[in-house]
Amino acid sequence: MNTAHEQQRATSGVGSAQLEFRAAMARVGASVNVITSAGSAGRGGFTATAMCSVSDDPPTLLVCMNRRSAQCDLFLQNKVFCVNVLGHEHVDLAGYFAGKVVDMEERYASGVWEKLPSGNFALTGAIASFDCKIAAHHVVGTHYVIFGEVQDIRCSAVGHPLLYLDRAFVGATAGVAPH
């Protein structure tokens, strides 16, 4: 989700194995999510594709966040986050939270949000929102892997998820192949 300039800057000093890994991972489609956090450390948010289910007992998922992000401390101090799975109509919002808009208040002003009992914010109209408390976090290479125990779920019966594939946003629809 980087501009060409950001990609060039991100690849300076990167080895060929890392570049090969990045190119191969670009071929893996993933849902686009805005991860939000609100609490005593403030309000933050970023766009991520690195999110997946871990367990359904207890319901747990994980997100990955670059350790160089200025928001890492905010998320870890707040001890909560909300994964908002984006639909096709949220392309602009995905870009804003990916860094196209720097000011956090301006990022939030570009969407309609519902304040949850945890203090987090869920995107109104998201395909699904998972409100989580941080159960654990680990450093793996350049990223934090943050495990969230799901406290609340909002799920829409309508809409199609926004995906990221080949370094571009793409739409997905249900029913690609019969079973």
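Criteria and thresholds
Residues numbered from 1 in each chain as written. Predicted model: local features only at pLDDT ≥ 70, side-chain atom pairs only at ≥ 80, totals over all residues. Heavy atoms only, no water. Helix = DSSP H or I, 4+ residues; strand = E, 2+ residues; numbered from the N terminus. Buried < 20%, exposed > 50% of the residue type's maximum accessible area, 1.4 Å probe, protein only. Contact = heavy atoms within 4.5 Å. Areas by Shrake-Rupley, 256 points an atom, 1.4 Å probe, with all protein chains shown as cover. Salt bridge = Lys/Arg side-chain N within 4 Å of Asp/Glu carboxyl O. Core = buried A, V, L, I, M, F, W, Y, C linked by side-chain atoms within 4.5 Å.

Peer 1: Tell me about the overall build of the protein chain, and name the residues and values.
Peer 2: When helices and strands are counted, the protein chain shows five helices and twelve strands. Within the protein chain, buried positions represent 36% of all 179 residues. Sequence-distant contacts, at least 24 apart, represent 63% of the contacts inside the protein chain between residues at least 6 apart. For the protein chain, the accessible area works out to roughly 10,100 Å², and carbon and sulfur atoms hold 56% of it.

Peer 1: Before we move on, can you summarise the pattern of salt bridges with the specific residues and values?
Peer 2: If you walk through the whole model with that rule in mind, you get three salt bridges. Here R43 makes a salt bridge to E105, at a shortest N to O gap of 2.7 Å. Here R43, found in strand β3 (residues 42–48), pairs with E105, found in helix α5 (residues 104–109); they are 62 residues apart in sequence, far enough to count as distant. What makes R43 partly exposed here is its relative accessible area of 25%. Note that E114 is salt-bridged to R154, the shortest N-O span being 2.9 Å. One end of the pair, E114, is in strand β7 (residues 113–115); the other, R154, is in strand β10 (residues 143–155), with 40 residues separating them in the sequence.

Peer 1: Before we move on, could you go through the nonpolar core and cite the residues and values that matter?
Peer 2: Ranked by size, the top nonpolar core spans 21 residues in total, and within it I35, L61, V63, F75, F81, V83 and I146 carry the most contacts. Sorting the residues of this core by element identifies β3, β5 (59–66), α3 (72–78), β6 (80–85), β9 (128–140) and β10 as the ones contributing at least two each. At four residues, the largest contribution of residues to this core is made by α3. Beyond its immediate sequence surroundings of up to four residues, V63 is in contact with I35, A50, M51, F81, V83, Y144, V145 and I146. Listed in part, the 15 residues of the second largest apolar core include A38, L86, W113 and L123.

Peer 1: Would you mind going over the side chain of S37 in detail, with residue names and values included?
Peer 2: Along the chain, S37 turns up in strand β2 (residues 33–39). With sequence-adjacent residues up to four places away left out, S37 is seen in contact with G42, R43, G44, L74, F75, N78, V80, F81, Y108 and N120.

Geometric values such as these leave the question of function open.
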